[in-house]
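Remarks on the overall topology
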Amino acid sequence: MKFDNLYEELFYKSLRIRLIEKKIIELYPTDKIQSPVHLSIGQEAVAVGVCQELKTTDLIFPNYRGHAYYLARGGNLKEFFAEIYGKRTGCCRGKGGSMHLAGPEIGFMGASAIVASTIPHAVGAAMAARKLKKDQIIIAVFGDGATDEGVYHESLNFASLHKLPVIFVCENNDLAVHTHTSTRQAYKIFEHAAVYGLPTHYCEEGYDIIKVHEAFSPLVAEARITKLPQYIEIKTCRYLEHVGVNEDYDAGYRSVSEIEEWKRKDPLIIEKELIDKYQTTILAEIEDAVMFAENSPWPLLEDLLTDVI
Amino acid sequence: MNSSTDNNGLMKRFSGNILSYRESLFHAMDDALSINPHVVIMGQGVADHKGLFGTTLNLSSKYGTDRVFETPLAEEAMAGIALGASLNGLYPINTHLRVDFALCCMNQIVNLIAKYKYMSGGRFECPMLIRMVIGRSWGQGAQHSQSLQSFFSHVPGLMVLMPSRADSILNDYPYIINSYRGPVISIEHRLLYDVKFNIEQDSEYSSDKPLSSHLIRKGNDITIVATSIMVLEALRAAQYLLKNAGIECEVIDLNCVSHPDKEMIMNSVNKTGKLIIADTSWQAYGVCAEVCRIVCENSPNSLKAPVMTLGMQPATCPTAKTLEDYFYPNLQTLTDAIARIVCGKANHGIPLPDEHSMSDVYKKFKGPF
Ligand SMILES: Cc1ncc(C[n+]2csc(CCOP(=O)(O)OP(=O)(O)O)c2C)c(N)n1
Ligand SMILES: [Mg+2]
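This section reports on the structure supplied with the text.

Scoring rules and cut-offs
- Residues numbered from 1 in each chain as written.
- Chains lettered and ligands numbered in written order.
- Predicted model: local features only at pLDDT ≥ 70, side-chain atom pairs only at ≥ 80, totals over all residues.
- Heavy atoms only, no water.
- Near = heavy atom within 4 Å.
- Polar contact = N/O pair within 3.5 Å; in protein donor to acceptor, adjacent residues only side chain to side chain.
- Areas by Shrake-Rupley, 256 points an atom, 1.4 Å probe, with all protein chains shown as cover.
- Nonpolar A, V, L, I, M, F, W, Y, C, P; charged D, E, K, R; others polar.
- Pairing = 2+ DSSP bridges.
- Helix = DSSP H or I, 4+ residues; strand = E, 2+ residues; numbered from the N terminus.
- Axes fitted to C-alpha atoms, helices over the stretch in contact; angles between N-to-C directions.
- Phe/Tyr/Trp six-rings, centres within 6.5 Å; stacked < 30°, edge-to-face > 60°.
- Buried < 20%, exposed > 50% of the residue type's maximum accessible area, 1.4 Å probe, protein only.
- Contact = heavy atoms within 4.5 Å.
- Buried area = accessible area lost by both parts, 1.4 Å probe.
- Salt bridge = Lys/Arg side-chain N within 4 Å of Asp/Glu carboxyl O.

1. Re the site of ligand 1
Residue and element names in this part refer to chain A. Residues in close proximity to ligand 1 total 15 residues, the closest being Tyr64, Arg65, Ala113, Gly145 and Asn173. Taking Asp144, its side chain carries an N or O atom lying 2.9 Å from an oxygen atom of ligand 1. The side chain of Asn173 places a nitrogen or oxygen atom 2.9 Å from an oxygen atom of ligand 1. Here ligand 1 loses 73% of its free accessible area of 580 Å² to cover by the protein chains. Split into classes, the residues belonging to the shell around ligand 1 amount to eight nonpolar, four polar and three charged.

This is the structure we're talking about:
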C-alpha cells in the first residue's frame, strides 16, 4: 500500500491494529475466541512507532499483550485470527493462542504470559547476534509491571555489561492489572534504568504516532551503528480492562478523566477523515481473515503430542 | 535420527583408556567447543582457576572469554539469556555448581524453555544443555545436596539425563550438543567426579541409542533400576551378592530419567519378577514412584514380590556426618533390600557387607564443595 506521507502510513498501521482488536471485541461474546485476550487498544501508537524502522531480520521479544506488535511487524492476519480461534492454520497451529503468538518469519520471537520472562531472551538473542556477527537489532518489549521483577534488573545488567545490541522498550501504562506504579515502585523507571549504565530515554506522548516514531527511530539508527544497548520508556494508556474486552471504569481503580484526556488526543479517535479514508479497506481485510479462521480446521488428536520435545 | 555414530568421536578417541567422570566432562566440553563454533559455556565458576570442578578448566583461555564466560549471579536471567541465544543460533551450555541453585531459574526452565517449542506449534526450537551438579557428603547440608531430577522430568518438553559413568558422558554429550534439537538437563553427581572408568568402545554405553537407558548387567533373580551414583552401588551390591549368596542381579542404568526405556524395564521385570529401584533422591513422587507406575501400568502380574525402593530419607539433608550416613542409602542397605526381596524374608541370613558408609572411592571426597 502506498501512502502520501509517513504520518498516513503510521496512522493506517495503527488504525488497522485498533480495528482488528475491535473485531475481537465484537466477536468475543460469540465465544469463538476461547482464551484470555490482553488488548492494546490505546497503546497501538507505541507498537507502530517502535516497529516502523525495523528490518525483518531484526528480532522483537514481546509479551502477552502482543497483538499490536505481531501486526505492526507485518504478521499474517489470517494466521493471527486462526490462532486466536484455536485453529490448526494459526501461527502456532492453535497451540499458542492470543498470549503466545509466534512469527519467526517476521522476527516476532514468541510471546509469553509470564511477566518479564522474555526480557532475558532478547538479551540472549543480542548476545548471539554479537557473537555470530549478525547485523541485527534486538528489541525487548515489556510493561511497567515487568520492571518490578528481578529478572528485568538481571537482564539490564548483563546487556549493559556486555554491551549487547538490544533496545529495551518499557510501555508504561501505569498499571499492572489494577495496581498503579506508585503502589509498587520506589523508583522512576527510566531514571532507575540508567544506573545500569546504558543511555535511557523517555517519551511522554505515547498516543502520538509521530512523536513515538521520532523518539524511537534515532535509537534504531544509533543501534545500527554502535550496536550498543539503549533504553526507552514510553508513556501510554490502556483503555480497556487488563484482560478481556470491556471497559472497567466503574471498578474505581483508575481515573476516568485521565483516560478521557488521552482519548481527546488520540488520532485514532479524532482524525475522522483519515479513519473514513482507510477503514473500508481494513474492514474488508479483517472480514477476509475472520472467514479464513472460521473455515479453518481444528487441530486434531494427532496434533496433541507433536512438538513436545 | 541415529546420530551416535556421527558423534562417537570421543568414545573412539578414549576407547581402551581409563578416564574419570571429571575428565570425561572436560573432554566433552573441550570437544564441543572445538567441533561446534556455536557452542558457548556460561555459568558461575566456568572461567575461574577451578573451572567448574575442572570440567572447563582453562577452556576460556583456549577458546576465548567470548565462548567460555563467567556470569553474574543471576540464574533466572542467565537461563533466559541461554534461551534467547539458542533461538538466535548459539548452542549454550549453562552450568550450575549445584542443582539447588537452579531453583532460581525454575521459571525459565519450566515456563519457557520446556514450552517454547510446543506453544509456538513447533515454530521455535531451543537446543541447549543445562548442566547441574548434585552435592553429597562432607556437610553439604540442606541446600547443596538436592537431587531434583523428578522436578524437571515431570514437565513435558525437557530431556533429563543423569550420567552415572564417564562413558555415558562421552556417548551422550556430543550427541546432545551437536545433533539433538531440544533442551537437555544433565544432572551430574559430584561424588562421581573422581571415580575412574574403563572406556570400552563396544560397551552398552556406546550403543546406538543416545539418551536412553542401559542394561549393564544381566541376571535372572532380580531387576535393579538405578540412577546416577546408585548405579555404582547397584553394581557393587550385585557383585557382592553373586559372590556371597549366588544371587544374580540384573542392573538397568536408567540414565535418561525423563524418557526411560520402558520396554527394557518391562522385559527385565517380566524375566526376574522382582524389582528394586535405587535413586539418588526422595522416593515419593520421584523416579522410584515413576518406575513403579511403568510396571503397574504395563504388567503388574509380572511381579512375584512387592517392589522395594531406596532413596534419601524423607527429611531435609542433615549436615552432621552421623545423620547424613543414615540419610542416604548405601551398599549395606541396598544389599539387604535385594536379599530380602530375593529370599522373600527379612531374616535372609545372608551376611551383609560391613562397610556401612560410602565406597572407598568416594569416601575420599573432601569438600568444601
Ligand atoms: C510472573 C507473573 N506474575 C504475575 C502475573 C499476572 N499478571 C499478568 S499481566 C500482569 C501485569 C503486568 O503489568 P505490566 O508489565 O505493566 O504489563 P501490562 O499488562 O500493563 O501491559 C500481571 C501481574 C503473571 N502473568 N506473571
Ligand atoms: Mg502496565
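2. Observations regarding the sheet that holds strand β2 (residues 39-43) of chain B
Residue and element names in this part refer to chain B. In spatial order, the strands read β3-β2-β4-β5-β7-β6; together these six strands make up an open sheet with parallel pairing. This sheet does not close on itself; its edge strands, each paired only once, are β3 (68-70) and β6 (159-161). The average undirected angle you get between the axes of adjacent strands in this sheet is 20 degrees. In the sheet, strand β5 (residues 128-134) pairs with strand β7 (residues 183-189) via seven bridges, with the strands oriented parallel. Each residue of the ladder has a partner; that of Leu129, found in β7, is Val184.

3. Things to note about the packing of aromatic side chains
All names here are of chain A. Going through the model one piece at a time under the given rule, you end up with 19 aromatic pairs over all chains. Their ring planes at 55 degrees and their centres at 6.3 Å tell us that Phe142 and Tyr231 sit as a pair that is tilted. Of this pair, Phe142 sits in strand β2 (residues 138-143) while Tyr231 sits in strand β7 (residues 230-235); the two residues are 89 residues apart in sequence, bridging distant segments of the chain. For the pair Phe142 and Tyr231, one class covers both residues: buried.

4. Quick notes on the sheet that holds strand β12 (residues 275-282) of chain B
All names here are of chain B. A sheet is described by the order of its strands in space; here five strands give the open sequence β9-β11-β10-β12-β13, paired in mixed fashion. One side of each edge strand has no neighbouring strand; the edge strands of this open sheet are β9 (214-217) and β13 (308-312). Here the strands of the sheet are splayed against their neighbours by 25 degrees on average, with no regard to which way each runs. Bridge count for strand β10 (residues 222-226) against strand β11 (residues 249-253) is five bridges, and the pairing is parallel.

5. Points about the interface of chain A and chain B
Every contact between the two is made by 44 residues of chain A and, on the other side, 40 residues of chain B. Both faces considered, chain A and chain B share a buried interface measuring about 3,200 Å² in area, 65% of it formed by carbon and sulfur atoms. Among the residues chain A hides against chain B, the three largest losses belong to His121(A), Lys131(A) and Ile309(A). Together they make up 21% of the total. Notably, a salt bridge pairs Glu105(A) with Arg123(B), separated by 2.5 Å at the nearest N-O pair. Our count for the contact surface shared by chain A and chain B stands at 15 residue pairs in polar contact (both at pLDDT 80 or more). Every element with two or more residues in the side of chain A that touches chain B is listed here: β1 (59-61), α5 (119-131), α6 (150-161) and α13 (301-304) of chain A. The element contributing the most residues to the side of chain A that touches chain B is α5(A), with nine residues.

On their own, these measurements won't tell you what the molecule is for.
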